[in-house]
Amino acid sequence: MLYGFKIALRYLTASKTQTGLLIAGVGVGVFVFVFMSALIGGLAVFLVQRTVGNIAHVTIEEPARDPISLLPQSAGALVVEQRATSQRTQLRTADAFLPLIDAMPGVAATSPQIVGNGFLVRGLITAPVGVTGVETAKVSAIADIGKALVDGSTDLGNASIIIGSTLAGDLGIGVGQVVRLQSDRGVERSLVVSGIFELGVDALDARAAFVSLSSARTLFDLPQGISRIEVKLDDLNQAEAYAARIAAETGLEATPWTAGNAQLLDGLRAQASSGNLIKAFALVTIIIGVASALLLSTYRRRPEIGIMRAMGAGRGFVIFVFVTQGALIGILGGLIGAGIGYAALSPFPVPELAPPGGLPVDVRQGAYGLAISLTAIGAILASILPARAAARVDPVSVIGQ
Amino acid sequence: MSTLLEVRNLVKTYGEGEGEAETRVLKGLNLTLATGELSALLGPSGSGKSTLLSILGTLMQPTSGEHVMLGQDLTRAGDRDLTEFRNRHIGFVFQFHHLLPDFTALENVIFPAAVQAGRETAAARARGRELLVRVGLESRMDFLATKLSGGQKQRVAIARALMNQPELVLADEPTGNLDRASATQVMALIAEINQNEKTTFLISTHDEKIAETCRRRIRVADGKAE
Ligand SMILES: Nc1ncnc2c1ncn2[C@@H]1O[C@H](COP(=O)(O)OP(=O)(O)O)[C@@H](O)[C@H]1O
Ligand SMILES: [Mg+2]
């Protein structure tokens, strides 16, 4: 079939302008496909990053301990359970589980925390604050405080506090100044502001403060145990699987980030389907374009096809010649479209680093291989109809006496 | 001389069962060709010469009748077998040459061998060159078909028809489109090849002068041959 390949190639190179235009058309379709893949993928990364970038992927807490019902279920009695309020939910067994979770492949970081609420007081100004006590080495483990720092450092001594920029502005304090923290357990301490961060998330910048785990222990009157463990994963899309696994292995309550972000996930799914629709249209356009161009070419070459048939070329040979043309157009157009797509997307920063208002296209998500193979397959399918038409050419009717 | 091909009671009706007016072109035609013959097929335009050549060349099935060549019954063969038979045993020369326009003279000549082998072999190229030398086109081998004159194209077509050393060459008005000088040249070439290689030629023409250069003259009239 080497010979059929030669003829196909010759046919394509014989009308360079026509072939060039056809390949360019296919290339444009592939470019649209690649660009849409990168845009939809990039948007998803961007939005998820925005939403999930500064929160835990999995949060581990003590399961709520509801009173055990003494009445059997079948008794037909209406049972009202009242949530136990005599105990604070706290993780007593964290020390045993932490190394286990840390050792799981795919777990990027864990952060045992004590959380509570309080007020920051400076002079006559008070501001409500959500306080998170973290291990001093793990300040940036969940939200990247280190990167978001606008002043000071992330060093947390036993008498220091890191606060958000809005909060600092409200209180009119800067790094090195002292502020008083009243916890909701009635404990009050003076702390030195060691760092100010700006994450760009209002709720955090105006309401969050970080202290060391030991400070939090005193502030929230929790001599043992912790409130929760926050976990960051290498791949945030695996959160549900990891949450299920952690829950199964520890018996604790593990909540993936997706549990509280159903709307975002719905939005991403809708976005992905509209992207797929556009990609499908691009492919259909390619198929129609290739089919019509080849059909035109078979029509124009009817006398030649007839003569080849008369000279002993079988129907299979004729089909091969035209399907090969389709395949070559598809592969070339695919390579060119994907290449230009890659070149056009490369200058854009990855969505994780995209500046606000920038186009969050993701050059890594261009689906180049898929675009090229689908185009090649599409072009081959598109060439089957013209090829069969060519194979049916009756030599006698086209040779013309 | 041995019999190369024989047709008996050949009938060809166009438009049969297609709701159109039926045209019965061949009406029980009988014809026998012996190996090595050089025959002219004479008859006015519309008498059915091209129809007969198409059937003899297995490009068209007769409505009825027998068609045997080289001992094979060709009326009952399928498309695949006929294609291969044509490729090995029959060469064609048409009035309008019908070379492949995007290929060189040499590439056109070796087409029948290449399509059989699946590639252009060195042996095929050597034979193609030899044939082009024979038809006087050694200086035009690598010219595109479109860059040749009418007489040159027809000589390339003759070389192509001879490529696979067929037993039979069918030529449908090969000189119909040529001036007198080129026509004489082409006929001389055919006569020479027939003489040297014992290839059987059947040449349709309505030109008595051309027919005179052939040893046998077959006339088609009223759907029969005489
Ligand atoms: N495909 C066809 N359909 C219908 N009639 C045809 C067809 N081909 C040829 N004919 C008719 O058959 C007759 C013989 O044609 P043809 O074999 O071409 O004659 P010649 O080659 O001797 O001029 C003509 O009357 C022509 O109109
Ligand atoms: Mg004719």
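Remember, predicted model here, so these are calculated numbers, not experimental data.

(A) Molecular detail of the interface of chain B and chain A. Counting from both sides, the interface comprises 27 residues of chain B and, opposite them, 28 residues of chain A. On the chain B side of the contact with chain A, D102(B), F103(B) and F111(B) bury the most area, a combined 23% of that side's loss. For the side of chain B that touches chain A, the element with the most residues is helix α3 (residues 105–117) of chain B, which contributes five residues. For the side of chain B that touches chain A, the per-class residue count stands at 12 nonpolar, seven polar and eight charged.

(B) Spotlight on helix α12 (residues 368–391) of chain A. Between its first and last C-alpha, α12(A) extends 34 Å over 24 residues, near the 34 Å set by a 1.5 Å rise per residue. The sharpest bend along α12(A) comes to roughly 30°, located at I384(A), with the proline P386(A) sitting one to four residues further on.

(C) Here's a closer look at the domain arrangement of chain A. By the assigned domains, chain A splits into domain 1 (2–51 + 264–399) and domain 2 (90–226). On a C-alpha basis, the centroid separation for the pair domain 1 of chain A and domain 2 of chain A is 55 Å.

(D) The UniProt feature "transmembrane region" (unreviewed entry) in chain A, seen in detail. Taking the numbering used here, the UniProt-annotated feature "transmembrane region" (unreviewed entry) corresponds to residues 21–48, 277–296, 317–345 and 365–385 of chain A. Spanning residues 365–385 of chain A, this segment combines 86% helix with 0% strand, and its end C-alpha atoms are found 33 Å apart.

(E) The arrangement of the nonpolar core in detail. By size, the foremost hydrophobic cluster in this structure holds 55 residues, and its most contacted members are I7(A), M308(A), F317(A) and F111(B). Grouped together as the second largest cluster of nonpolar side chains are 49 residues, F97(A), L98(A), L171(A) and L233(A) included.

(F) Seen up close, the packing of helix α2 (residues 16–52) of chain A against α12(A). Residues and elements named next belong to chain A. Interaxial distance between α2 and α12 falls to 10 Å at its minimum, and their mutual angle equals 140°. Considering only the axes of α2 and α12, their crossing is right-handed. In this structure, α2 contributes V26, V30, F33 and V34 to the contact, and α12 contributes Y368, L370, A371, L374 and T375. Residue composition of the contact of α2 with α12, by class: eight nonpolar, one polar and no charged.

(G) Spotlight on the site of ligand 1. Residues and elements named next belong to chain B. Lining the immediate surroundings of ligand 1 are Y14, V25, P44, S45, G46, S47, G48, K49, S50 and T51. Here an oxygen atom of ligand 1 sits 2.7 Å away from a polar atom, N or O, in the side chain of S50. Measuring from an oxygen atom of ligand 1, one finds a side-chain N or O atom of T51 at 2.5 Å. Top contributing element to the shell around ligand 1 by residue count: helix α1 (residues 49–56), with three residues. For the shell around ligand 1, the class distribution of residues is three nonpolar, six polar and one charged.

(H) Highlighting the sheet that holds strand β10 (residues 224–225) of chain B. All names here are of chain B. Strand order in the open sheet formed by six strands is β6-β7-β8-β3-β9-β10, with mixed pairing between adjacent strands. Edge strands, defined here as strands with exactly one partner in the open sheet, are β6 (90–93) and β10. Looking at chain direction, β6 and strand β7 (residues 168–172) are connected through four bridges and run parallel. What sits directly across from I90, in β7, is L168.

(I) Structural context of unusual backbone geometry. Even without glycine at this site, A367(A) takes up a positive phi of about 50°. Following the sequence through the fold, A367(A) ends up in the loop between α11 (315–345) and α12. Under the relative-accessibility criterion, A367(A) is labelled partly exposed at 28%. Even without being glycine, D222(B) reaches a positive phi, approximately 50°. With respect to the helices and strands, D222(B) occurs in the loop between β9 (216–221) and β10.

(J) Representation of helix α5 (residues 150–162) of chain B. All names here are of chain B. The end-to-end C-alpha distance of α5 is 19 Å, a good match for the 18 Å that 13 residues give at a rise of 1.5 Å each. Burial analysis of α5 places 12 of its 13 residues in the buried class, the great majority of the element. Every buried residue of α5 is listed here: G151, Q152, K153, Q154, R155, V156, A157, I158, A159, R160, A161 and L162.

About the thresholds
Residues numbered from 1 in each chain as written. Chains lettered and ligands numbered in written order. Predicted model: local features only at pLDDT ≥ 70, side-chain atom pairs only at ≥ 80, totals over all residues. Heavy atoms only, no water. Contact = heavy atoms within 4.5 Å. Buried area = accessible area lost by both parts, 1.4 Å probe. Helix = DSSP H or I, 4+ residues; strand = E, 2+ residues; numbered from the N terminus. Nonpolar A, V, L, I, M, F, W, Y, C, P; charged D, E, K, R; others polar. Expected span 1.5 Å × (residues − 1). Bend = angle between axes of the 7 residues up to and from the residue. Domains from an automatic or database assignment. UniProt positions renumbered as here; feature names shortened; annotations may be inferred. Core = buried A, V, L, I, M, F, W, Y, C linked by side-chain atoms within 4.5 Å. Buried < 20%, exposed > 50% of the residue type's maximum accessible area, 1.4 Å probe, protein only. Axes fitted to C-alpha atoms, helices over the stretch in contact; angles between N-to-C directions. Left-handed = near helix turned anticlockwise from the far one by under 90°. Near = heavy atom within 4 Å. Polar contact = N/O pair within 3.5 Å; in protein donor to acceptor, adjacent residues only side chain to side chain. Pairing = 2+ DSSP bridges.

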